[in-house]
Amino acid sequence: MFAKIKLFLLSNQNINQTLAKNTFWLGFGEITSRLLKTIIIFYAIRILGASGWGTFSYAISLCGLFMIFSDFGISSILTRALAKPETNKENYISTSFLIKILLNILIFIIIIFTAPVFSKDIIATHIIPIVALIMIFDGMREFIFAINRSLEKMEAEAVLKIVTNVLLIIITYIFLVGSATVTSLALGYMAGSLAGLIVTLFIFRKHLKNIFQGFSTDLIKPLITTAWPFAFFAILGSIMANTDTVMLGLMKDTTEVGFYATSQRIIAFLFILPGLIASSLLPTLTKQINDKEKIKNVVNSSIKIIYMIAIPLTLGGLIIGDSLIVKLFGAEYGPATRMLQIALISILFVFPALIFNNIIFVFNKHKSVIKIFLIGTILNVLMNIILIPKYAGIGSSIATLISQILIMILIQKELSKLIKVNLFSGSLKLIVASIIMSIMLYFLRITDVNIWASISSSVILYFSILIIMKEEFLLKIIHTI
């Protein structure tokens, strides 16, 4: 039994097993590391209060709008290129690495001189350079992980993410104990991120041994040309992710930003699953580029997994969102409840969209849907301008939801030209099980049952119902394990 588990978790045997193994390791690493990071985040949220947490979140979002240019899609291009047998790996790694370094230096300089202009908060302005360094260190670590993902050996990445976040917790806690300020939080994060990068560089030193020797000027143009459509998506995605917080900070105050950022913290955690599946799919889809039938089967299976989680999450979150916010962050953050509930609806549209982005990427059809993301981004900004003055963070949540729904509708229509995707096919049992689970969760809530006991009981009931209903896809997963 042990040998079978070891074989499943540490070797690549076939497409389905490799996808399952990589998703497990990415999931284990990401979920564990985020849970670890959540400890220090919740601690910071509580001791800094809504205003202090809002200041830090504002600085993160403002820098995020700039730092998206520091990668320009290079990391994703590298993963895809290295997955191809004919690729000259040394040249690609070296050239991509130097481009990444130069972009980081350039964007950091721009942030130092430009970002403070958009900040009316003195403390946020003060920590902007520190936050920029955090993002640079995180970005370089992700670049190294991009090399590892091409090998489809996600177990190494999982361990390193956990180690990085353990270091981050320890170092940040030391800083906050010494001084419970926003600046201490930023410095602790920066030191923890740097420590994680140093460990990652050491572990992957073999792949980076000749990092400066394989540089090829002939590869620069092909890399940039291939990467820019994907970079454009990332830029628009960054605007969608950060513009709400930045506009809230400019039009309202950091306390409102703190409420909004708190609700988004939960949503970001829930986005782990689709993000992991999407990351695991990229090498697999690239290798099956000439077999659309296999790609369709893999994608449809991934969407089924996503909705198996997304539907009960959405319904359950709408019922216990208020209790969850107060339990996690304290009564001060009660105003974040409505923002969370609105954002939860968006996962029904964003989760599958992450998979669709990879399909577009693999088929080199970025340009055909750039206009869709551009329309969605512009709509989001305009609706924020209209809704924030009157509805503040709730207005931002509504603006984002509507924009995401529009993007999903348009991109699915465009994707139908490439591959047939059964978005809601076979979801009836999932919906029925989710409704039954939600009814029980509601009664547990109104009878004041402990929230964690309620959530655990609901999860068990949900999957039990699916097994009783003989949900074919779930039974296949169980049989595979």
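Remember, predicted model here, so these are calculated numbers, not experimental data.

What follows deals with the overall build of the protein. Along the backbone of the protein there are 16 helices and 0 strands. A burial count over the protein gives 53% of its 481 residues as buried. Contacts spanning at least 24 positions in sequence make up 83% of the contacts within the protein whose residues lie at least 6 apart. By element, 70% of the accessible surface of the protein is carried by carbon and sulfur atoms, the whole surface being about 21200 Å².

Attention now moves to the pattern of salt bridges. Counted by the stated rule, this structure contains 2 salt bridges. In this structure, R141 and D138 form a salt bridge, with 2.9 Å as the shortest nitrogen-oxygen distance. Of the two residues, R141 and D138 are both situated in helix α5 (residues 122–150); the distance of 3 residues between them amounts to about one turn of the helix. A salt bridge links D322 to R445; the shortest N-O distance between them is 2.4 Å. In this pair, D322 sits in helix α11 (residues 292–329) while R445 sits in helix α14 (residues 428–446), placing the two residues 123 residues apart along the sequence. For R445, a relative accessible area of 29% translates into the label partly exposed.

Another point: the packing of aromatic side chains. The tally for this structure, following the rule as stated, stands at 10 aromatic pairs. Plain terms: the ring middles of F145 and F204 are 6.5 Å apart, the flat faces sit at 75° to each other, and that makes the pair edge-to-face. Taken together, the residues span a long stretch of sequence, with F145 in helix α5 and F204 in the loop between α7 (182–203) and α8 (217–251) at a distance of 59 residues. Each member of the pair F145 and F204 is classed as buried. Among the aromatic side chains, those forming a connected cluster through ring pairs are F42, F259, F329 and Y333.

Our next topic: the environment of L461. Along the chain, the position of L461 falls in helix α15 (residues 451–468). The exposure class assigned to L461 is partly exposed, which follows from its relative accessible area of 25%. Taking the C-alpha atoms as reference points, L461 and S438, 23 residues apart in sequence, are found 9.9 Å from one another. In this structure, L461 is in contact with I436, M437 and M440, ignoring residues within four places of it in sequence.

Relative orientation of the contacting elements α14 and α15 amounts to 150°, with a least axis distance of 9 Å. In terms of orientation, α14 lies roughly antiparallel with respect to α15. With respect to the hand of their crossing, α14 and α15 are arranged in right-handed fashion. Contact with α14, carried on its side by K429, L430, A433, S434, I436, M437, M440, L441 and L444, involves S454, I455, S457, S458, L461, Y462, I465 and L466 of α15 and no other residues of that element.

A few words now on the confidence of the model for the protein. Summary statistics for the protein give a mean pLDDT of 78 and a share of 78% for residues scoring 70 or more. Per-element confidence in the protein ranges from a low mean pLDDT of 55 for helix α1 (residues 2–10) to a high of 90 for α7.

Structurally, F269 can be placed in helix α9 (residues 254–270). F269 sits in the partly exposed class, given a relative accessible area of 29%. In the structure, F269 is positioned 231 residues away from T38 in sequence and 9.2 Å away in space, judged by C-alpha atoms. Here F269 is in contact with I31, R34 and L35, once residues within four sequence places are set aside.

Rules used in this analysis
- Residues numbered from 1 in each chain as written.
- Predicted model: local features only at pLDDT ≥ 70, side-chain atom pairs only at ≥ 80, totals over all residues.
- Heavy atoms only, no water.
- Helix = DSSP H or I, 4+ residues; strand = E, 2+ residues; numbered from the N terminus.
- Buried < 20%, exposed > 50% of the residue type's maximum accessible area, 1.4 Å probe, protein only.
- Contact = heavy atoms within 4.5 Å.
- Areas by Shrake-Rupley, 256 points an atom, 1.4 Å probe, with all protein chains shown as cover.
- Salt bridge = Lys/Arg side-chain N within 4 Å of Asp/Glu carboxyl O.
- Phe/Tyr/Trp six-rings, centres within 6.5 Å; stacked < 30°, edge-to-face > 60°.
- Axes fitted to C-alpha atoms, helices over the stretch in contact; angles between N-to-C directions.
- Parallel < 35°, antiparallel > 145°, perpendicular 65-115°, else oblique.
- Left-handed = near helix turned anticlockwise from the far one by under 90°.
- pLDDT = per-residue confidence, 0-100.

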